[in-house]
Amino acid sequence: LLFSSFKRKIAALTMEYSCHPDVMKLLGGRRQKKRTESEINGCLVSVPKNIRSTLVGQDRINLIQDATKGLQDYKFSISYEGKTELDNVYALALRVRRFREECQRHDMSDVFEILPFLDGGDLAKDTQPKNLFDNYKDITFENVKKSTRLYYEHGQENYLVENLVWSGEALLNSCDSEMRDMILTKALFLPQKEVGGPIYFKLMMEIYKDKKSTPPASPSSSTSPRPSSRKAVRRLSPTLSLLNLGR
């Protein structure tokens, strides 16, 4: 451990003396330890969840409005205007990524970590939570409901309830009227303690899975995507294969 620390210090000194002074000025020096992904994401948060309670009056109103406004330029829709299967899958993947970034920016991502449960309904002690954005196909609807209820009822901090409610409003506001109505219809008879961003997201992705999110082809195009498009969808990114819309 001491040797590793010594090596980092030597590396920092080496960089300091081997770089142009303007480079070091821009860096403001050099951290001995790299920032983790979690630390980087923390820097992108507009207002950390643990200090929201200090905001009052118009400041709090502005925060809530900003956190719940959702995507304005990239609405989730039942169908998109792409000419190929690849275009439509990419359009959906782009919106999922943008919505996820908005959740991170407003420090609401924690409730999308779905808590693990055993078949009997008990919380699994030796299993890690799974991120819903990354594993939505592998996480059951029932598990999302149970996880949401546990956050509502037993989450230590009030910001967990805020994150469930605010992320839910943000997702609905990120949808066009048709998609929004379909989600709300499917969630109509769910108890309030099971409703929020995670359950809305799960419902939306199930709607896409059922509909395949493929608009009718124009008269000049084929209804079946070209083989090259199918291969491109599979290669494009893990996000696209996760959606299971291009197969």
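Procedures and definitions
Residues numbered from 1 in each chain as written. Predicted model: local features only at pLDDT ≥ 70, side-chain atom pairs only at ≥ 80, totals over all residues. Heavy atoms only, no water. Helix = DSSP H or I, 4+ residues; strand = E, 2+ residues; numbered from the N terminus. Buried < 20%, exposed > 50% of the residue type's maximum accessible area, 1.4 Å probe, protein only. Contact = heavy atoms within 4.5 Å. Areas by Shrake-Rupley, 256 points an atom, 1.4 Å probe, with all protein chains shown as cover. Polar contact = N/O pair within 3.5 Å; in protein donor to acceptor, adjacent residues only side chain to side chain. Expected span 1.5 Å × (residues − 1). Axes fitted to C-alpha atoms, helices over the stretch in contact; angles between N-to-C directions. Parallel < 35°, antiparallel > 145°, perpendicular 65-115°, else oblique. Left-handed = near helix turned anticlockwise from the far one by under 90°. Nonpolar A, V, L, I, M, F, W, Y, C, P; charged D, E, K, R; others polar. Salt bridge = Lys/Arg side-chain N within 4 Å of Asp/Glu carboxyl O. Phe/Tyr/Trp six-rings, centres within 6.5 Å; stacked < 30°, edge-to-face > 60°.

**As for the overall build of the protein chain**
Each helix and strand in the protein chain was counted, giving twelve helices and two strands. The linear arrangement of helices and strands in the protein chain, starting from the amino end, is α-α-α-α-α-β-β-α-α-α-α-α-α-α. The burial tally for the protein chain puts 36% of its 247 residues in the buried class. At a minimum sequence separation of 6, the contacts of the protein chain that also span at least 24 residues come to 73%. For the protein chain, the accessible surface area stands at approximately 15400 Å², while carbon and sulfur atoms represent 52% of it.

**Regarding unusual backbone geometry**
As a rule of thumb, non-glycine residues mostly have phi less than zero, and peptide bonds are mostly trans rather than cis. One non-glycine residue with positive phi stands out, namely Asp107, at about 60°. Position of Asp107 relative to the elements: it lies in the loop between helix H5 (85-105) and strand E1 (113-114).

**Things to note about the side chain of Thr68**
Of note, Thr68 is situated in helix H4 (residues 57-68). Residue class for Thr68 comes out buried when judged on its relative accessible area of 13%. Here Ile64 takes part through its backbone oxygen, which lies 2.7 Å from a polar atom of the side chain of Thr68. Excluding residues within four positions of it along the chain, Thr68 makes contact with Trp166, Glu169, Ala170 and Asn173.

**Some words on helix H8 (residues 158-173)**
For H8, with 16 residues, the first-to-last C-alpha span of 23 Å sits near the 22 Å given by 1.5 Å per residue. The set of residues buried in H8 consists of Leu160, Glu162, Asn163, Leu164, Trp166, Ser167, Gly168, Ala170, Leu171 and Leu172. Against H4, H5, helix H7 (141-154), helix H9 (177-186) and helix H10 (197-211) lie the buried residues of H8.

**Section: the environment of Asn62**
Relative to the elements of secondary structure, Asn62 occurs in helix H4. Within the structure, the side chain of Asn62 is placed 2.8 Å from the side chain of Gln58, a separation counted as a polar contact.

**Thoughts on the packing of H7 against H10**
H10 packs onto H7 with a crossing angle of 165° between their chain directions and a minimal axis gap of 9 Å. As summarised for this structure, H7 and H10 are arranged roughly antiparallel, according to the angle between their axes. As H7 runs across H10, the sense of the crossing is left-handed. On H10, the residues touching Phe141, Val144, Lys145 and Thr148 of H7 are Pro198, Ile199, Lys202 and Leu203. A per-class count over the contact of H7 with H10 returns five nonpolar, one polar and two charged.

**Regarding the pattern of salt bridges**
Counting across every chain of the model gives 13 salt bridges. One salt bridge in this structure joins Lys202 and Glu206, with 3.3 Å as the shortest N-O distance. Taken together, the residues span about one helical turn, with Lys202 and Glu206 both in helix H10 at a distance of four residues.

**Overview of the packing of H7 against H8**
At a minimum axis distance of 8 Å, the contact between H7 and H8 shows a crossing angle of 140°. Put simply, H7 runs oblique to H8. When you trace H7 past H8, the crossing you get is left-handed. Within the contact between the two elements, H7 uses Thr148, Tyr151 and Tyr152 and H8 uses Leu160, Val161, Leu164 and Val165.

**A few points about the side chain of Thr148**
With respect to the helices, strands and loops of the structure, Thr148 is situated in helix H7. A distance of 2.8 Å separates a polar atom in the side chain of Thr148 from the backbone oxygen of Val144. When residues no more than four places from it in sequence are discounted, the contact partners of Thr148 are Leu164, Lys193, Glu194, Val195 and Pro198.

**Remarks on the packing of aromatic side chains**
Applying the stated criterion across every chain yields a total of five aromatic pairs. Ring geometry for Phe76 against Phe99: centres 6.5 Å apart, planes inclined by 75°, an arrangement best described as edge-to-face. A residue pair is termed long-range when its members are at least 10 positions apart, and Phe76 in the loop between H4 and H5 and Phe99 in helix H5 qualify at 23 residues. Given a relative accessible area of 0%, Phe76 falls into the buried group. The class for Phe99 is buried, based on a relative accessible area of 1%. With 6.4 Å between their ring centres and 80° between their planes, Phe99 and Phe112 make a pair best called edge-to-face. Pair noted here: Phe99 is in helix H5 and Phe112 is in the loop between H5 and E1, with a separation of 13 residues, a long-range link. We note that Phe99, like Phe112, is buried.

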